[in-house]
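Chain residues, written in single-letter form:
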Amino acid sequence: MLKQKDFSQFYIINYKPWAKEEDLKDRVEHPFVFIESYIHDFNVYPSVSTFEKAQAIFNDIKEYQEAAYNCFELELNLLQENRIKYLNQIVSRLLGVQKDLRQIKRKKDLEKYRAINNLILLLLGSIKDVLKSIFISYHLELNNTNREVLSKWFYLKKAITSFRFNKHPEDKRLEILYRKYLTDWGFVSKLTNFNTFKCLFEAKQLENKINWIDKKSSLYYFIKLLIEYKVVRSPKNKHWEIASEFFLLNGEALLPRDFLNQKETQNKKSRVILESFVKALSENS
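## Considering the overall build of the chain
If you tally the helices and strands in the chain, you get 13 helices and three strands. Here the C-alpha coordinates of the chain stretch approximately 75 × 50 × 30 Å along the principal axes. Classification of the 285 residues of the chain by burial places 42% in the buried group. Taking the contacts inside the chain whose residues are at least 6 apart along the sequence as the reference set, 72% of them involve residues at least 24 apart. Accessible surface computed for the chain: about 16,900 Å², of which carbon and sulfur atoms make up 48%. In the chain, which carries 48 positive and 36 negative side-chain charges, the distance between the mean positions of the two groups comes to 8 Å.

## A few points about the side chain of Asn-146
Residue position: Asn-146 is located in helix H8 (residues 144-151). A distance of 3.0 Å separates the side chain of Asn-146 from the side chain of Asn-88, its partner in a polar contact. Once residues lying within four places of it in the same chain are set aside, the contact partners of Asn-146 are Asn-88, Val-91, Ser-92 and Leu-95.

## Here we look at the packing of helix H3 (residues 33-40) against helix H5 (residues 83-106)
Running from N to C, H3 and H5 point in directions that differ by 25°, and their axes come no closer than 10 Å. On the basis of their axis angle, the class for H3 and H5 is roughly parallel. Of the two possible hands of crossing, H3 and H5 adopt the one that is left-handed. Residue-level contacts link Ile-35, Glu-36 and Ile-39 of H3 to Arg-93, Leu-94, Val-97, Leu-101 and Ile-104 of H5. Each residue belonging to the contact of H3 with H5 can be placed in one class, and the counts come to six nonpolar, no polar and two charged.

## Some words on the packing of helix H11 (residues 216-228) against helix H13 (residues 268-282)
For the pair H11 and H13, interaxial distance at closest approach is 10 Å and the crossing angle is 30°. What the angle tells us is that H11 and H13 run roughly parallel. Between H11 and H13 lies a crossing of right-handed hand. Side by side, H11 and H13 meet where Ser-218, Tyr-221, Phe-222, Leu-225 and Leu-226 of the first sit next to Arg-271, Leu-274, Glu-275, Phe-277 and Val-278 of the second. Class assignment of the residues belonging to the contact of H11 with H13 gives a composition of seven nonpolar, one polar and two charged.

## A few points about the sheet that holds strand S1 (residues 210-212)
The mixed open sheet is built from three strands, whose spatial order is S1-S2-S3. The open sheet is flanked by S1 and strand S3 (252-253), the only strands paired with a single partner. One ladder, built from three bridges, connects S1 with strand S2 (residues 247-249); its direction is parallel. If you follow Asn-211 over to S2, its bridge partner there is Leu-248. Contacts from H11 reach S1 and S2 within the one sheet, and its direction differs from that of S2 by about 155°. Of the strands in this sheet, S1 and S2 are in contact with helix H12 (residues 239-246), which crosses S2 at around 70°.

## Concerning helix H9 (residues 171-183)
Taken as a whole, H9 has its buried residues at Leu-174, Leu-177, Tyr-178, Tyr-181, Leu-182 and Thr-183. Seen from one end, H9 has its buried residues packed into an arc of 150°, which puts them on one side. Close packing links the buried residues of H9 with helix H10 (194-198), H11 and H13.

## Description of the confidence of the model for the chain
Confidence in the prediction of the chain, expressed as mean pLDDT, is 89, and 93% of residues score 70 or more. When pLDDT is averaged over each element of the chain, H11 comes out on top at 97 and helix H6 (residues 111-115) at the bottom at 58.

## A closer look at the side chain of Thr-192
Relative to the elements of secondary structure, Thr-192 occurs in the loop between H9 and H10. Beyond its immediate chain neighbours, meaning those up to four positions away, Thr-192 contacts Tyr-178, Lys-209, Ile-210 and Asn-211.

## Notes on the environment of Lys-85
Position of Lys-85 relative to the elements: it lies in helix H5. Between the C-alpha atoms of Lys-85 and Asn-143, which are 58 residues apart in sequence, the distance is 8.8 Å.

## Topic: the packing of aromatic side chains
One pass over the full model with this rule turns up 23 aromatic pairs. A centroid spacing of 6.4 Å and a plane angle of 65° characterise the contact between Tyr-181 and Phe-277, whose relative ring orientation is edge-to-face. In this pair, Tyr-181 is assigned in helix H9 and Phe-277 in helix H13, connecting sequence segments 96 residues apart. No difference in accessibility class separates Tyr-181 from Phe-277, as the two residues are buried. Considering the side-chain rings of Phe-222 and Phe-247, the 6.5 Å spacing of their centres and the 80° angle between planes classify their relative orientation as edge-to-face. Taken together, the residues span a long stretch of sequence, with Phe-222 in helix H11 and Phe-247 in strand S2 at a distance of 25 residues. Comparing Phe-222 with Phe-247 shows no difference in burial state: the two are buried. Looking at Arg-271, its charged tip hangs above the ring of Tyr-221, at a distance of 4.3 Å from the centre.

Rules used in this analysis
Residues numbered from 1 in each chain as written. Predicted model: local features only at pLDDT ≥ 70, side-chain atom pairs only at ≥ 80, totals over all residues. Heavy atoms only, no water. Helix = DSSP H or I, 4+ residues; strand = E, 2+ residues; numbered from the N terminus. Buried < 20%, exposed > 50% of the residue type's maximum accessible area, 1.4 Å probe, protein only. Contact = heavy atoms within 4.5 Å. Areas by Shrake-Rupley, 256 points an atom, 1.4 Å probe, with all protein chains shown as cover. Lys, Arg positive; Asp, Glu negative; His and termini not counted. Charge placed at Lys NZ, Arg CZ, Asp CG, Glu CD. Polar contact = N/O pair within 3.5 Å; in protein donor to acceptor, adjacent residues only side chain to side chain. Axes fitted to C-alpha atoms, helices over the stretch in contact; angles between N-to-C directions. Parallel < 35°, antiparallel > 145°, perpendicular 65-115°, else oblique. Left-handed = near helix turned anticlockwise from the far one by under 90°. Nonpolar A, V, L, I, M, F, W, Y, C, P; charged D, E, K, R; others polar. Pairing = 2+ DSSP bridges. Arc of directions from axis to C-beta. pLDDT = per-residue confidence, 0-100. Phe/Tyr/Trp six-rings, centres within 6.5 Å; stacked < 30°, edge-to-face > 60°. Lys NZ or Arg CZ within 6 Å of the ring centre and 35° of its normal.

Given below as C-alpha cells:
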C-alpha cells in the first residue's frame, strides 16, 4: 500500500508548473491514492466475509484516510497560486474513483467482483467521508461543477443567528435593566458577561452562551414575552431554536425540543419581574 512520504505529484505540478519528469518521479500522484491502490490490489483482498476480516481492513482504510487527509490539507495550505485548481483536481479525481468503484460493483455476474463487494463498500464509504469533510471546509472554493455534485449529497447547516431588536436601546440603559431585573433577581448568572447577553438581540451567531440559572419555565416565559411585546422582530417560529442555541439552563445545554409542552412559570414574583424587564424594553421599541 502506498504511503505519502513527500509532496504529491498534484502538489508539485501546481506549485511549479514547469516541473520536469524527474521532479515527479517516485512521488504518489495525490494524497488519496491509497484508495486506488486497493482497486489495483483487489486480489490481495479476495473476501471480506467475516467480521474480523472486515474490521481489520476497515481500520486500515481509516488509518490511511486520516493520514491522507492531513497530507491533503498540508499541501492545500502551502499552495498560494493554483490552490483552487489543486482542490478541484482532488475532488474531481475522487469523484472519478467513486464512479469506477460503482461500475465495478454493478458487475454482479462476475464471481470475482461479488467476492470483493464488501471491500468496495468500505472504499466508497471512505470517499464519502473525505468528500464530506472537503465540502464542509472548502465549499466556497469549489468550482460550480464539483459544488453542484456535492451539494446534492451533503447539507450545510445554516448558522443560527440571535434575535434582533425592533429598536435597539442604548447599551447603558440595556445593561442597567439587565442587572436590575435579570442578574440581581437570579435569573441569569452574574458570571454571564453583559456583552454576551446583548448578543442575544443583535442578529449574530453564537459566541458565548447565557447561563439561565432559574427554572426552565421562567426562561420559556421570558422568550414568550419578548415576542408578545414585540421587543424583537418576528423570529418566524425559530424562537426555540434561538433560545436553545444561546442559553444554558444551570450550565446544561438545551435543545429546541426541551421547550415542547413546557408551561410558563406561575410564580407571581418571577412573572412580575420578567414582565417589568420586557415592558421597559418595549417602551423603547
